[in-house]
Amino acid sequence: MLVANETRGECSQGEEKAISRPDLSYRYKHQRTLNTSCDKSRSVKSPAQKRIDSIDLFKGIAILGIVWKHTFHPQWCDLIHISALFFILSGIFFKDEPFIPFLKKKIRTILIPFLFFYILSYLARMAFYFGHFRTLHGFAWDSLLEIFSISNTPDYLTVNIPLWFLIGLFVMQIIFWCLNRVIPRNKYRICWFLVILAAIYTGYDTIGSWHSPFMFNVAIECLPYFIAGNLFGLQIARFVSKSSLKYLLAPTCFALFIGFQYLPIDISILAFIKALTIFVAILSLLSCFENSCSMIWTTVRYFGKSSLFIMGIHVLLLAPIQSMARAITGKPDLLTGLICLALTMLLIYFLIPFTEKYIPWAIGRQRQKQDTKLSQTTNSMNKQVLTIKGG
């Protein structure tokens, strides 16, 4: 997801070799240019390194949907299980590796950001409470310990409810890592996973009734989405990216999704089928706008690459913005929701660069050591040139 920020590389080795070695200052500037969303040199990347742009666009649209659902929104938004779409996307980016490096990476990219936003949300709730009542008497101090609650629902993190996704994703990744190692890597591998999916949906109601810590039962419930993303997500994304059938797939899958809403049956696996259908529909539609440099899609792509940050921070920004918007419009209607969405995303747009520069660890990223090293090398060479000229 959200929370899936791992990429397939921003520039190919061939592009780096094409940069002149003696002129390091030019190399440094050019390499930074390669990181822009509308880099025209994408076409020379090798297939293994090429980033599928429709996935970034998908993450952007999905995270906008998450923010909109947490303010005043139309009823049709509730038909889409957006969290399921993020679990599918997270499955696409799963990488098999030894457990210790895997665990360290997940702690860095999921658990540390969760703790950062959890503590930040706790302090923000405290500030909101004091601002409203002018006292901290009656504040729920024990809400900080809600993370250790044993429950069968994911909404007990009242400090910042959307953070349930990160805890569920962390547990889900560990469960899937174990399954990935146990299940044989042969032609029957997909069949084994299908058996697991069948077992989960057979006992779906029982699993949902479990009271467990750290969203364990929720992770099991949502595991089919992650498995589907891992087995088929990347193949589907590559197919619709290259095939002209996407123009047919998009309306067909949207029509199927709408039709599923009117089926007179209520079974747990239907939600899984609807999630896969809307996933293919949206991905097919967005693949029509791949590598578009228009302002709209550049902004959507920008938000998609920062979906983890938006997931953690948007509720804290929505709280005061909703109060101001309701005071302006006078009622909680669709217009109020759109105003809240626009203002929240505008603030987030300017907060993202600050976070990436000063506290990248809070969103699961590392400082760009390569840029720093190139900058130091450039400065060193410039000093040598000045020394030679001075001599």
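For the structure, see preceding data.
Now for a quick tour of the structure. Counting restarts for each chain: residues are numbered from 1 in the order of the written sequence. Restriction of local features to residues with pLDDT of at least 70 applies here, the model being predicted, together with a cutoff of 80 or more for giving and counting side-chain atom pairs; totals for whole chains, interfaces and linings are based on all residues. Derived side-chain values reflect all non-hydrogen atoms in the structure, with water molecules and hydrogen atoms excluded from consideration.

1. As for the nonpolar core
Note the following rule: Definition of nonpolar core: a set of buried residues of the types Ala, Val, Leu, Ile, Met, Phe, Trp, Tyr and Cys, connected through side-chain atoms within 4.5 Å. A simple rule labels every residue: compare its accessible area, found with a 1.4 Å probe on the protein chains alone, to the largest value its type can have, and call it buried under 20%, exposed over 50%, or partly exposed in between. Helix and strand definitions follow DSSP, with helices as H or I runs of at least four residues and strands as E runs of at least two, each counted in order from the N terminus. In what follows, a contact means two residues having at least one pair of non-hydrogen atoms within 4.5 Å.
Membership of the largest hydrophobic core comes to 96 residues, with the highest contact counts inside it found for F58, F86, Y225, F279 and I348. In terms of residue count, the dominant contributor to this core is helix α9 (residues 216-242) (13 residues). Aside from chain neighbours lying at most four places away, what touches F58 is L85, L89, F279, I282, L283 and L286.

2. Focus: the environment of L136
Here L136 is to be found in the loop between α5 (99-133) and β1 (150-151). A relative accessible area of 26% places L136 in the partly exposed class. Considered as a pair, L136 and M126 are ten residues apart in the sequence and their alpha carbons are 7.5 Å apart. In this view, L136 contacts M126, Y129, F130 and W141; residues no more than four positions away in its chain are not counted.

3. Focus on a nonpolar patch on the surface
Rule in force here: A patch consists of residues whose relative accessible area exceeds 30% and which take part in no salt bridge; residues with like charges are grouped when within 9 Å of each other, and nonpolar side chains (Val, Leu, Ile, Met, Phe, Trp, Tyr) when within 5 Å. Accessible surface is estimated by sampling points in the Shrake-Rupley manner with a 1.4 Å probe; for residues, cover comes only from the protein chains shown. Salt bridge, as used here: a side-chain nitrogen of Lys or Arg that lies within 4 Å of a carboxyl oxygen of Asp or Glu.
Side chains of I119, L123, L144, L145, F148 and F214 sit close together on the surface and give an oily, nonpolar patch of about 570 Å² of accessible area. Mapped onto the elements of the fold, L145 is located in the loop between α5 and β1. Residue class for L145 comes out exposed when judged on its relative accessible area of 53%.

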